[in-house]
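Take a look at the letters that make up each chain.
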Amino acid sequence: MSILRVARLGHPVLRQVAAPVPPEAIPSPELQRLVDDMLETVEEYDGAGLAAPQVHASVRVVVLTLDPEDGMQVWINPVLTPLTDQQLVTWEGCLSVPGLRGAVARPAEVHVRALDRQGQPFELHLRGFPAVVAQHECDHLDGVVYVDRADPRSLSFLEEYRRHGPWPWTDEVDGEDEDGDEGGEE
Ligand code: NI
């Protein structure tokens with residue numbers, strides 16, 4: 001296993017639409033090594049999640065933690081479907097945009113369909129912060145970075161965010177921003 005170099009904002013790989021993984025390629029040593037390296041990399045950088053394009057691999061693979069108790073999940077070829085018009089505003093960060101935080105509104109509930117690292121299909125229904133992490137990571141597979149969706153006036157350096165924030169942001173729904181901490185980098 002290796003810790004991989006993380007692409008930063010401005011690297012073209014972050015703007016490409018990543019290719020689906022052919023199901024027959026999932027057991028291959030190359031794909032399994034990529035997954036292992038992504039897991040080691042996200043742990044090293046203490047991220048909430050990591051998408052393959054962030055480590056210069058333009059394929060539809062993400063690793064992410066939905067619940068700190070449960071550890072990292074591996075999703076291959078994930079498809080997300082919003083289940084509500086209700087928006088949740090949270091402060092997001094990204095390993096590809098180090099040192100920055102921004103407020104992003106996203107659907108508060110999503111359905112996920114994906115394959116695990118054995119190639120087995122599964123489905124999930126996510127609500128709240130796990131739904132946000134899922135959308136942030138899967139956006140990377142379409143060349144979208146959270147700063148594209150953030151209210152530009154919310155963007156803050158981490159040091160200033162820690163010193164002066166987090167500010168309540170507009171559109172907060174139901175006070176459902178459950179953590180109130182500074183969030184993780186994804
Ligand atoms: Ni990210």
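All values reported here derive from a predicted model rather than from experimental measurement. (Residues numbered from 1 in each chain as written. Predicted model: local features only at pLDDT ≥ 70, side-chain atom pairs only at ≥ 80, totals over all residues. Heavy atoms only, no water.)

Details of the sheet that holds strand β6 (residues 109-115)
Taken in spatial order, the five strands of this open sheet run β1-β2-β3-β6-β7, and their pairing is antiparallel. Only two strands of the sheet have a single neighbouring strand rather than two, namely β1 (49-51) and β7 (121-127). The average angle at which neighbouring strand axes cross in this sheet is 40 degrees, direction not considered. In the sheet, strand β2 (residues 61-65) pairs with strand β3 (residues 72-82) via five bridges, with the strands oriented antiparallel. Residue pairing for β3: valine 62 is matched across the bridge by tryptophan 75. Here helix α1 (residues 29-44) sits on the sheet in contact with β1, β2 and β3, set at roughly 35 degrees to β2. (Pairing = 2+ DSSP bridges. Helix = DSSP H or I, 4+ residues; strand = E, 2+ residues; numbered from the N terminus. Axes fitted to C-alpha atoms, helices over the stretch in contact; angles between N-to-C directions. Contact = heavy atoms within 4.5 Å.)

A short note on α1
When the terminal C-alpha atoms of α1 are compared, their 22 Å separation across 16 residues agrees well with the 22 Å that a helix rising 1.5 Å per residue should span. Residues of α1 that are buried: Leu31, Gln32, Leu34, Val35, Asp37, Met38, Thr41 and Val42. Where α1 terminates, the next one or two residues include aspartate 46, which has phi positive at roughly 55 degrees. (Expected span 1.5 Å × (residues − 1). Buried < 20%, exposed > 50% of the residue type's maximum accessible area, 1.4 Å probe, protein only.)

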